[in-house]
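Here is how the chains run, residue by residue.
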Amino acid sequence: MIAGGVRVLNVGLPAVVEGVPARDVLQLDWRPPAFGDADAARLALALDDEVTHAANRRALAAVHAARPQLVGVRPAREVVPGLGDGRLLLHAGPPIAWERMCGPVRGALVGAVLLEGWAGTPQEARHLLDGGAIALDPCHHHGAVGPMAGVLAPSMPVLVVEDGAERAYASLNEGLGRVLRFGAFDAEVLDRLRWMRGVLAPVLDAALRAEGPLDVTSLVAQALTMGDEGHNRSTAATSLLTRRLAPAVAQQDQGVPVLRFLAGNDHFALNLSMAGAKLAMDAAAGVEHATLVTAMARNGVEFGLRVAGTGERWFTAPVGAADGLFFPGYGLADANPDLGDSAITETLGIGGFAMAAAPAITAFVGGTPEDALETTLSMRRITMGPHPAFRLPPLGFAGAPSGIDVLKVLDTGVLPVINTGIAHREAGVGQIGAGIVEAPAAVFLQAVRALHAARSR
């Protein structure tokens, strides 16, 4: 009956046009706004005005103007606000009680108690934690960030980055294998942490004093042109950092062991990227009416979101495990739900948002180089603009998508993508894979309601 053939534009489920040859169908990637929540869609539409747009321009400009400088490596108790007062330990993600924590975070806290000398055995450490004798708080509440379990204790050294009067902090990366951030706390782990505290940190701090501050933004920008994405792949950034500090490190008594450690730890610069991203995103915190996301973090149980216009308030929802590649002998049943503060990199616009710059990352997290490119292009749909410093060669040196907008997430139905490691459910087993995880839709629905309520007051 239709002699000329049929061309179809389908905005529904693909099954609707299964009978039409694929070459004759253009499938439109359309989803109901606000994930089908009509009330949230109405609130988002009401906020989509010049007041919000102006606030977002101010917030994004503040983020992009930040120029964090690595100025030192100091004991946390000396520099992290509040961490030198009493028995306090910090952890990754939004707030969570000890009783609800996952295995890797609980294991890392036990290890931190032992490292501080507050207990002599794991059983004594658990008893202190069970009884509430040790206070627990998120790293983000103290200007700090930590990968995976993210546990930070007073005697542990931190990277110190600053921009004028503003500061942010991150723990030092231990490398792969049995490490505290995956919940391990045996003698090998504690001995390594003591060496990092007593040798690595002082040597690096002295090298920074000799070589002067290190521009974190410049280092990350250069690494993006060399195959890094700033989260799961930090090989180039670690090499650049090591090269910059090597002359001063080599002149010290323990310089060779330090250089050997850096040479064997391709992930070392991840924590530096995190500290820089934390400082940059904090620059937008509290910008009234702004719908810019300022933090994404996970504690192994819940995903937490912060938004500029609602300040320090957390929006939380259950977090799932990452979808990716597992090491031999492990699978999804072994995986802990996602955890860590490292999603601060994606919040800024690197990590999963810059995957186009690091096609090799797909061999680690799964997929193809084409998938990496498509992921970065997809993140453009939910961000406010390109980062002027983070240029991506595969996209003609366009800036990485930066500034997640709550309203754009609700309008498109596209969720932020995060590159992540996969931890075993049991403390101490360690990393069992790597992959991709998406932020849960629920936190954006909560955020738009809070933003609208704040506007209405």
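Everything discussed here concerns the structure shown above.
Residues numbered from 1 in each chain as written. Predicted model: local features only at pLDDT ≥ 70, side-chain atom pairs only at ≥ 80, totals over all residues. Heavy atoms only, no water.

### Observations concerning the packing of aromatic side chains
Note on aromatic pairs: each is described by the distance of the centres and the angle between the planes.
Moving on, step 1. Summed over all chains, the structure comprises two aromatic pairs.
Moving on, step 2. Consider the rings of Trp195 and Phe261, whose centres lie 5.4 Å apart with planes at 55 degrees: the pair is tilted. With Trp195 in helix α6 (residues 187-211) and Phe261 in helix α9 (residues 255-263), this pair connects stretches of sequence that are 66 residues apart.
Moving on, step 3. Relative accessible area serves as the criterion here: at 25%, Trp195 is assigned to the partly exposed category.
Moving on, step 4. Between the aromatic rings of Phe261 and Phe268, the centroid separation amounts to 6.3 Å while the plane-to-plane angle is 85 degrees, which identifies the pairing as edge-to-face. (Phe/Tyr/Trp six-rings, centres within 6.5 Å; stacked < 30°, edge-to-face > 60°. Helix = DSSP H or I, 4+ residues; strand = E, 2+ residues; numbered from the N terminus. Buried < 20%, exposed > 50% of the residue type's maximum accessible area, 1.4 Å probe, protein only.)

### So, the pattern of salt bridges
If charged atoms from side chains of opposite charge come close, those side chains can pair.
Moving on, step 1. Per the stated rule, a full pass over the model turns up 18 salt bridges.
Moving on, step 2. Between Glu78 and Arg74 there is a salt bridge, with its nearest N and O atoms 2.7 Å apart.
Moving on, step 3. Residue classification places Arg74 among the partly exposed positions, given a relative accessible area of 31%.
Moving on, step 4. A salt bridge links Asp191 to Arg194, with the nearest nitrogen and oxygen atoms 3.2 Å apart. Of the two residues, Asp191 and Arg194 both sit in helix α6, three residues apart, roughly one turn of that helix.
Moving on, step 5. Relative accessible area serves as the criterion here: at 35%, Arg194 is assigned to the partly exposed category.
Moving on, step 6. Overlapping salt bridges bring together Asp37, Asp39, Arg42 and Arg449 as one network. (Salt bridge = Lys/Arg side-chain N within 4 Å of Asp/Glu carboxyl O.)

### Details of helix α13 (residues 369-379)
Moving on, step 1. For α13, the complete set of buried residues consists of Ala372, Thr375, Thr376 and Met379. Down the axis, α13 shows its buried residues gathered within 95 degrees of arc, on one side only.
Moving on, step 2. Against α12 (362-365), β15 (383-392), β16 (398-404) and β17 (417-423) lie the buried residues of α13. (Arc of directions from axis to C-beta. Contact = heavy atoms within 4.5 Å.)

### Points about the sheet that holds strand β7 (residues 157-163)
Sheets are built from strands that pair by backbone hydrogen bonding, the pairs being arranged parallel or antiparallel.
Moving on, step 1. Ordered by their spatial adjacency, five strands build an open sheet running β6-β8-β7-β3-β9, and the pairing between neighbours is mixed. Each edge of the open sheet carries a strand with a single partner, namely β6 (144-145) and β9 (214-215).
Moving on, step 2. Pairing of β7 with strand β8 (residues 166-171), which is carried by six bridges, proceeds in the antiparallel orientation. Each bridged residue has a counterpart across the sheet, and for Val160 the counterpart in β8 is Tyr169.
Moving on, step 3. Contacting β3 (69-75), β7 and β9, α6 runs over the sheet at an angle of about 150 degrees to β3. (Pairing = 2+ DSSP bridges. Axes fitted to C-alpha atoms, helices over the stretch in contact; angles between N-to-C directions.)

### Focus on the environment of Ala207
Moving on, step 1. Inspection of the secondary structure puts Ala207 in helix α6.
Moving on, step 2. A C-alpha to C-alpha distance of 8.2 Å links Ala207 and Pro247, two positions 40 residues apart in sequence.
Moving on, step 3. In contact with Ala207, other than residues within four places in its own chain, are Leu245, Ala248, Val249 and Gln252.

### So, the packing of helix α7 (residues 216-224) against helix α8 (residues 235-250)
Moving on, step 1. Running from amino to carboxyl end, α7 crosses α8 at an angle of 130 degrees, the nearest separation of the two axes being 8 Å. Relative to α8, α7 is oriented oblique. In terms of crossing hand, the pair formed by α7 and α8 is right-handed. Residues Leu219, Gln222 and Ala223 of α7 form the contact with α8, whose own contacting residues are Ala236, Ala237, Leu240, Leu241 and Arg243.
Moving on, step 2. For the contact of α7 with α8, the class distribution of residues is six nonpolar, one polar and one charged. (Parallel < 35°, antiparallel > 145°, perpendicular 65-115°, else oblique. Left-handed = near helix turned anticlockwise from the far one by under 90°. Nonpolar A, V, L, I, M, F, W, Y, C, P; charged D, E, K, R; others polar.)

### Structural notes on the side chain of Thr291
Moving on, step 1. By the secondary structure assignment, Thr291 is in the loop between α10 (270-282) and β10 (293-299).
Moving on, step 2. Its relative accessible area of 1% is what places Thr291 among the buried residues.
Moving on, step 3. At a separation of 2.6 Å, a polar atom in the side chain of Thr291 contacts the side chain of Asp405.
Moving on, step 4. Setting aside residues no more than four positions away along its own chain, Thr291 makes contact with Thr52, Asn56, Val307, Met384, Ile404, Asp405, Val406, Leu407 and Leu451. (Polar contact = N/O pair within 3.5 Å; in protein donor to acceptor, adjacent residues only side chain to side chain.)

### Concerning the nonpolar core
Moving on, step 1. Counting residues in each nonpolar core, the largest one holds 112 residues, and the members touching the most others are Leu70, Val80, Val113, Leu152, Leu204 and Phe390.
Moving on, step 2. Residues in contact with Val80, not counting those within four places in the same chain, are Leu90, His142, Leu152, Val158 and Tyr169.
Moving on, step 3. Counting 39 residues, the second largest nonpolar core, distinct from the first, contains Leu305, Met379, Ile422 and Leu445. (Core = buried A, V, L, I, M, F, W, Y, C linked by side-chain atoms within 4.5 Å.)

### Observations concerning the sheet that holds strand β14 (residues 339-340)
Moving on, step 1. Read across the sheet, four strands follow the order β12-β11-β10-β14 without closing on themselves; strand pairing throughout is antiparallel. The open sheet has two edge strands, β12 (315-318) and β14, and neither has a second partner.
Moving on, step 2. Here four bridges tie strand β11 (residues 302-307) to β12, and the two strands are oriented antiparallel to one another. By the bridge assignment, Leu305 is partnered in β12 with Phe315.

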